[in-house]
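# Geometric and topological summary
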Amino acid sequence: MLDRMRNSIKRVFWLYFVLFLAAIVYLVAYVAVKSPSIVTNTGNPRMRIATHNPSVRKGDIVDHNGTVLVTTDASGARDYLDQDLFCHVIGFERNGVFDTKCIESEYFFTLQQVHNEIYQRVRNIFDNTKPVQGNSVVLTLDKGIQTLAYDCLKDTGLKGSIVVLEPSTGKVLAMVSSPAYTLADIPDILSTERQQAGDAIQDSPFLNRATQGLYPPGSVFKIITAAAAIQNMGNWKEFTYDCTGSDVIGGVKIRCFNEKAHGKVDMYKAMAVSCNGYFAKLGETLGGGKMRAVAETFYCNNADYYAFPLAKAESEFLKGMNQNTEHEKIIKAAIGQGDTLVTPLHMAMIFSSVANSGIMMTPYIVDHGLTNGGAIQHKYMPKMIGQVCTPEVAYELKNMMVEVVNTGTGVRAKINDVSVAGKTGTAQITATDTVSGDKALRDHAWFVGFAPADNPTVTVAVMLENGGNGSEAAPIAKKIIKFVLDQK
């Protein structure tokens, strides 16, 4: 009887011990994993209360060179300098309401944090109206590059985005999205969007097209198809196709641009002239399973592989499909059409990984924190996401893209005395123009490239909505690449 009681007590003890241990593990995980998103949630009342704390002056947001982008004025309100240039990155704070997933909201408590508070309060003892200064946040963005990218995009009069990365580190040098907005525009934008439905979000000026915009990539995605062939076909160098300008492949009508016949092409030539027939045939030969496996190696269908303070969408390629996917979807996917959707940031990351010998780096946009006394805090160190392809595969892809710029569709990105690697993309779309009612709209124009090809220091992705042929985006990339290289 006594033994049974002891056994029962032991069982109860261990039950409570396991429950207690589970509670501890849950609390630790909650604090470590979930608390950052809860703390910076725009619905958190602590943010609204802290915003109206007159005793602490919220820190500045500055660019990589120390140029102030956001400060706090004498009334305690945030003063956004050149807001249209940085609105999609920095966001806004307006009467205690924050834009979601932007620097202002994600780094709110960093900007409110005070370094050497006692010293500051003692220093200000004779002027108790003077607030204590919060810490600043230093971005990786360069205002000069950001301004050029913004002006280039604005001059087109089109919606779209431009992303500029440092391929070896993942540092974001510039990120712009059009249309932009200012604080003064917000009431009118909200009023308009309340009256719209359906496509209102996709057309919204609040949408950061660089990280949230999902677009068919067109021919810029051919580097993924090429990578899949190099990795899975021992005879890829001998694989050729006789292009007549148009063809029926796997029951799908495939046309090259203006139905131009390219003749007999191998992969290098097909990449340079952007032969749709070649890559469609290549996709049919490879099959959906192999292409999807390689695309996922480059982190398509997975937006959670890297941390980034701005809201982002997930690039999609043959999602939920396998080797037996019907021919039409496989063939369209091989040339970056059909259901394939990507973000400009992700395409910049993919090309940067090719520039970086197959290593994909985590993109980052906050470099470090800065105390009132000038001390650096929380310095970000570049992080590798993974080896997405071998250096040998990256080498072949890079050489193909050099030919694209030297002799192919990307010649408008060519720079004297600088070897540029890149790829144009013309993404075919069919939709209803909300103004004219026409069914056909101009294609999206892409150019993604990096330079110098032998030692890349900058990657640029340009995406112009309804911009027409991909070659239209190449001069913008050229201008930005040249500007960045001239600064070094």
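Now for a look at the structure at hand. (Residues numbered from 1 in each chain as written. Predicted model: local features only at pLDDT ≥ 70, side-chain atom pairs only at ≥ 80, totals over all residues. Heavy atoms only, no water.)

Attention now moves to the overall build of the chain. Scanning the chain from N- to C-terminus turns up 17 helices and 21 strands. Expressed as a percentage of the 488 residues in the chain, the buried residues total 50%. Taking the contacts inside the chain whose residues are at least 6 apart along the sequence as the reference set, 68% of them involve residues at least 24 apart. For the chain, the accessible surface area stands at approximately 22500 Å², while carbon and sulfur atoms represent 54% of it. (Helix = DSSP H or I, 4+ residues; strand = E, 2+ residues; numbered from the N terminus. Buried < 20%, exposed > 50% of the residue type's maximum accessible area, 1.4 Å probe, protein only. Contact = heavy atoms within 4.5 Å. Areas by Shrake-Rupley, 256 points an atom, 1.4 Å probe, with all protein chains shown as cover.)

The next thing to look at is the packing of helix α7 (residues 143–156) against helix α17 (residues 474–487). Between α7 and α17, the least distance of the axes is 10 Å, while the angle of their chain directions is 165°. Here α17 runs roughly antiparallel to α7, going by the angle between their axes. Of the two elements, α7 crosses α17, and the hand of that crossing is right-handed. From α7, Gly 144, Ile 145, Leu 148, Ala 149, Cys 152 and Thr 156 reach across to α17, where they touch Ile 476, Lys 479, Ile 480, Phe 483, Val 484 and Gln 487. Residue composition of the contact of α7 with α17, by class: eight nonpolar, three polar and one charged. (Axes fitted to C-alpha atoms, helices over the stretch in contact; angles between N-to-C directions. Parallel < 35°, antiparallel > 145°, perpendicular 65-115°, else oblique. Left-handed = near helix turned anticlockwise from the far one by under 90°. Nonpolar A, V, L, I, M, F, W, Y, C, P; charged D, E, K, R; others polar.)

Moving on, we come to the environment of Thr 459. One can find Thr 459 in strand β21 (residues 458–464). The exposure class of Thr 459 is buried, given its relative accessible area of 0%. For the pair Thr 459 and Glu 166, spaced 293 residues apart in sequence, the C-alpha separation works out to 6.2 Å. Each residue touching Thr 459, except ones within four places of it in the same chain, is listed here: Val 163, Val 164, Leu 165, Pro 167, Ala 348, Phe 351, Ser 352, Gly 449 and Phe 450.

Attention now goes to unusual backbone geometry. Cis geometry marks the peptide bond from Ser 178 to Pro 179; its omega dihedral reads 10°. In this structure, Pro 179 sits in the loop between β10 (171–178) and α8 (186–195). The step from Ala 451 to Pro 452 runs through a cis peptide bond, and the omega angle for that step is -20°. In this model, Asp 82 sits at a positive phi of 55°, which is unusual for a non-glycine residue. One non-glycine residue, Glu 259, lies in the positive phi region at around 55°. With respect to the helices, strands and loops of the structure, Glu 259 is situated in the loop between β13 (252–255) and β14 (263–265).

On the surface, Phe 13, Trp 14, Phe 17, Val 18, Leu 21 and Val 25 cluster together into a nonpolar patch covering about 610 Å² of accessible area. Counting through the fold element by element, Val 18 comes out in helix α1 (residues 2–39). (Patch = residues over 30% accessible without salt bridge, like charges linked within 9 Å, V, L, I, M, F, W, Y side chains within 5 Å. Salt bridge = Lys/Arg side-chain N within 4 Å of Asp/Glu carboxyl O.)

Among all positions in helix α14 (residues 327–334), only Ile 330, Ile 331, Ala 333 and Ala 334 are buried. The buried residues of α14 all sit within an arc of 160° when viewed along its axis, so they share a single face. Contacts made by the buried residues of α14 are with α10 (222–232), β12 (246–249), β13, α12 (276–286) and α13 (288–297). Downstream of α14 by a residue or two, Gly 336 has a phi angle that is positive, lying close to 75°. (Arc of directions from axis to C-beta.)

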